[in-house]
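Observations on the model geometry
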Amino acid sequence: PVTTRDVRDLVEAYARVVADNRDYLVELDAAIGDADHGANLDRGMQAAVATLPDPDSATPSDVLRGVATALISKVGGAAGPLYGTAFLRASTAVKDRPELTAEDVVAAIRAGLDGVVARGKAEPGDKTMVDAWEAAARAAERALASGAPLSQILAAAADAAEEGMRATIPLVARKGRASYLGERSAGHQDPGATSTALLFRAMADQAA
Ligand code: ADP
Ligand code: MG
Ligand code: MG
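Throughout, residues of each chain are indexed from 1 in the direction in which the sequence is written. Going through the entries in the order they are written, you letter the chains from A and number the ligands from 1. pLDDT decides what is reported in this predicted model: residues at 70 or higher carry local features, side-chain atom pairs at 80 or more are listed and counted, and totals for whole chains, interfaces and linings draw on all residues regardless. Just so you know, side-chain values use all the structure's heavy atoms and leave hydrogens and water out.

**Some thoughts on the overall build of the protein**
A run of H or I in DSSP counts as a helix once it spans at least four residues, and a run of E counts as a strand once it spans at least two, with each numbered from the N terminus. What the protein contains, in helices and strands, is 9 helices and 0 strands. For the radius of gyration, the atom set is restricted to C-alpha positions; the globular benchmark scales as 2.2 Å times the number of residues to the power 0.38. The C-alpha radius of gyration computed for the protein amounts to 16 Å, which stays within 12% of the reference 17 Å derived for 208 residues, consistent with globular compactness. On the principal axes, the C-alpha backbone points of the protein span a range of 50 × 40 × 30 Å. Residue burial in the protein is summarised as follows: out of 208 residues, 50% are buried. Summary of the burial criterion: residues with accessible area below 20% of their type's maximum are buried, those above 50% are exposed, and those between are partly exposed, where the area comes from a 1.4 Å probe applied to protein chains only.

**Quick word on the coordination of the magnesium ion (ligand 3)**
Around the magnesium ion (ligand 3), the protein contributes the donor atoms D34 (OD) and D36 (OD), which lie 2.1 to 2.2 Å from the metal centre. For the pair the magnesium ion (ligand 3) and the magnesium ion (ligand 2), the metal-to-metal distance amounts to 3.5 Å, and D34 bridges them. A residue is classified by how much of its surface remains accessible, and D36, at 23% relative accessible area, is partly exposed. Coordination shells were defined by N, O and S atoms within 2.8 Å of each metal, extended to 3.2 Å for Na, K and Ca; water is absent from the atom set, which can make sites look incomplete.

**Remarks on the coordination of the magnesium ion (ligand 2)**
Looking at the magnesium ion (ligand 2), the protein donor atoms are D29 (OD), D34 (OD) and D36 (OD), and they sit 2.0 to 2.2 Å from it. Each donor residue of the magnesium ion (ligand 2) lies on the same chain, and together they follow the pattern D-x4-D-x1-D. Looking at D34, the relative accessible area reads 31%, which means it is partly exposed.

**Some words on the site of ligand 1**
Neighbouring residues of ligand 1: 20 residues in total, closest D34, N40, A78, G120 and D190. D36 places a polar side-chain atom, nitrogen or oxygen, 3.0 Å from an oxygen atom of ligand 1. Two N or O atoms count as a polar contact when they lie within 3.5 Å, although within protein this holds only if one can serve as hydrogen donor and the other as acceptor, and sequence-adjacent residues are included solely when both atoms are side-chain atoms. Contact between ligand 1 and N40: an oxygen atom at 2.9 Å from a side-chain N or O atom of the residue. Protein burial of ligand 1: of its 570 Å² of free accessible surface, 92% is covered by the chains. Among the elements of the structure, α3 (37–50), α5 (79–93) and α9 (191–207) are those that each provide at least two residues to the shell around ligand 1. Ranked by residue count, the leading element in the shell around ligand 1 is α9, at 3 residues. Any residue outside Ala, Val, Leu, Ile, Met, Phe, Trp, Tyr, Cys, Pro, Asp, Glu, Lys and Arg is labelled polar, Gly included; the first ten of those are nonpolar and the last four are charged. The residue makeup of the shell around ligand 1, split by class, is 7 nonpolar, 7 polar and 6 charged. Throughout, the term near means that a residue has one or more heavy atoms lying within 4 Å of the molecule or strand in question. Calculation of accessible area relied on Shrake-Rupley with a 1.4 Å probe; when residues are assessed, cover is drawn exclusively from the protein chains displayed.

**As for the nonpolar core**
The nonpolar side chains of soluble globular proteins are, as a tendency, buried together. Counting residues in each nonpolar core, the largest one holds 61 residues, and the members touching the most others are Y14, W133 and F200. Pairs of residues are marked as contacts when any of their non-hydrogen atoms sit within 4.5 Å. Sequence-distant contacts of W133, defined by excluding residues within four places in its chain, comprise Y83, A86, I109, G112, L113, V116, T196, L199 and F200. Here, nonpolar core means buried Ala, Val, Leu, Ile, Met, Phe, Trp, Tyr and Cys residues that are tied together by side-chain atoms lying within 4.5 Å of each other.

**Some points on unusual backbone geometry**
One non-glycine residue, A35, lies in positive phi territory at about 60°. Relative to the elements of secondary structure, A35 occurs in the loop between α2 (22–32) and α3. Residue class for A35 comes out partly exposed when judged on its relative accessible area of 33%. One non-glycine residue, D96, lies in positive phi territory at about 70°. Tracing the backbone shows D96 in the loop between α5 and α6 (102–120).

**Quick word on helix α1 (residues 4–20)**
The span you would expect from a helix comes to 1.5 Å times its residue count less one. Across its 17 residues, α1 extends 24 Å between first and last C-alpha, which sits within 8% of the 24 Å expected from 1.5 Å per residue. Taken residue by residue, α1 has T4, V7, L10, V11, A13, Y14, A15 and V18 as its buried positions. Looking at the packing, one finds that the buried side of α1 touches α2, α3, α4 (60–74), α5 and α9.

**Re the packing of aromatic side chains**
Ring pairs are drawn from Phe, Tyr and Trp, using the six-membered ring of Trp, whenever the two centres fall within 6.5 Å, and their geometry is named by plane angle: stacked under 30 degrees, edge-to-face over 60, tilted for the rest. Tallying each qualifying case throughout the model produces 1 aromatic pair. Where W133 meets F200, the ring centres are 5.2 Å apart and the plane angle is 90°; that geometry is what we call edge-to-face. One end of the pair, W133, is in helix α7 (residues 129–145); the other, F200, is in helix α9, with 67 residues separating them in the sequence.

Below, the structure written as structure tokens:
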């Protein structure tokens, strides 16, 4: 099962990945946005790490809620509230569980996607982080239904998120700043879909 410490470790691992990819995410956002996605997410994840609760007295849900609070309060721009809502819904989905089963993890992923969609109203194909989230959630649910262990569920989710990320390249953006560019947004990979793919890869790497 997934413990509070595991969830804490994931938050730290994702914060490191975001820091390592900060410039890359900024470059992607420079092409179709305002060149701040890497900086926004890096600031938010540093704040999340700084406020992580004591794993001996906190639940996985507490850790996820803390990340949500940090992202919502520290990150201006679209992605902070969107990821914040995702972590908040994930936290609620696993409330009161001292440890998480594979079912719990998949339910948290689905809840995270539903949060992003509720907040941002984007549909798959709009060239946003939803393209990566949706692919990941579907792949995770399919793997869970087939009886795969958590490591395989998360590997499938990460592969699907990366596919969803790459599939944003030819799309014309219909939500967020990139949509202001219209047809000129085509030919560029969406920054938020990229940071989402990094999140699912961090989860898969941790469970491997
Ligand atoms: P901002 O666009 O405010 O500068 P960021 O650069 O941090 O915020 O995040 C941009 C990313 O947010 C986009 O690449 C896209 O994936 C995501 N995004 C923007 N608007 C939406 C939305 N309505 N629904 C889902 N994702 C969105
Ligand atoms: Mg931006
Ligand atoms: Mg901005």
